[in-house]
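Each chain is listed here by its residues.
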Amino acid sequence: MFDARRFLDDKFKDPGSLLAFLRAYRAPMPREDTARKWFVRGSVPSEWLPVIVAYLEIDAGTPVSLIEYLEPRR
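Residues numbered from 1 in each chain as written. Predicted model: local features only at pLDDT ≥ 70, side-chain atom pairs only at ≥ 80, totals over all residues. Heavy atoms only, no water.

K.L.:
Can you walk me through helix α1 (residues 4-12) in this structure?
P.N.:
Helical geometry note: an α-helix holds 3.6 residues per turn, so side chains three or four residues apart project in the same direction. Buried within α1 are the following residues: A4, F7, L8 and F12. End-on view of α1: buried residues confined to an arc of 95 degrees, all on one side of the axis. Looking at the buried residues of α1, the elements they touch are α2 (15-24), α3 (32-41) and α4 (49-60). Within two residues after α1, K13 carries a phi angle of roughly 75 degrees, on the positive side. (Buried < 20%, exposed > 50% of the residue type's maximum accessible area, 1.4 Å probe, protein only. Helix = DSSP H or I, 4+ residues; strand = E, 2+ residues; numbered from the N terminus. Arc of directions from axis to C-beta. Contact = heavy atoms within 4.5 Å.)

Dropping the structure here:
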């Protein structure tokens, strides 16, 4: 399983930082309450995760690995 909560915390700390990051790139953005719910639920919808990762890659200038956020199946 993908640990979306840890990913969000590591990369953005809070919903405001996520939105500010996307806004800086003029990227598509979820509504503020939607982003907040992602942090609360520890879940990012499949249509949004690739968008976030793509802009992280643009920011870093290199591919972003998600391997550290994968947890073995129990």
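From this point, the discussion proceeds with the structure in view.
K.L.:
Where do I start with α3 in this structure?
P.N.:
Residues of α3 that are buried include every one of A35, W38 and F39, and no others. Down the axis of α3, the smallest arc covering the buried residues is 95 degrees, so these residues share one side. Set apart from the buried face of α3 by more than 90 degrees, the exposed residues are V40 and R41. Buried-residue contacts for α3 involve α1, α2 and α4. With its phi angle positive at about 70 degrees, G42 sits one or two positions after the end of α3.

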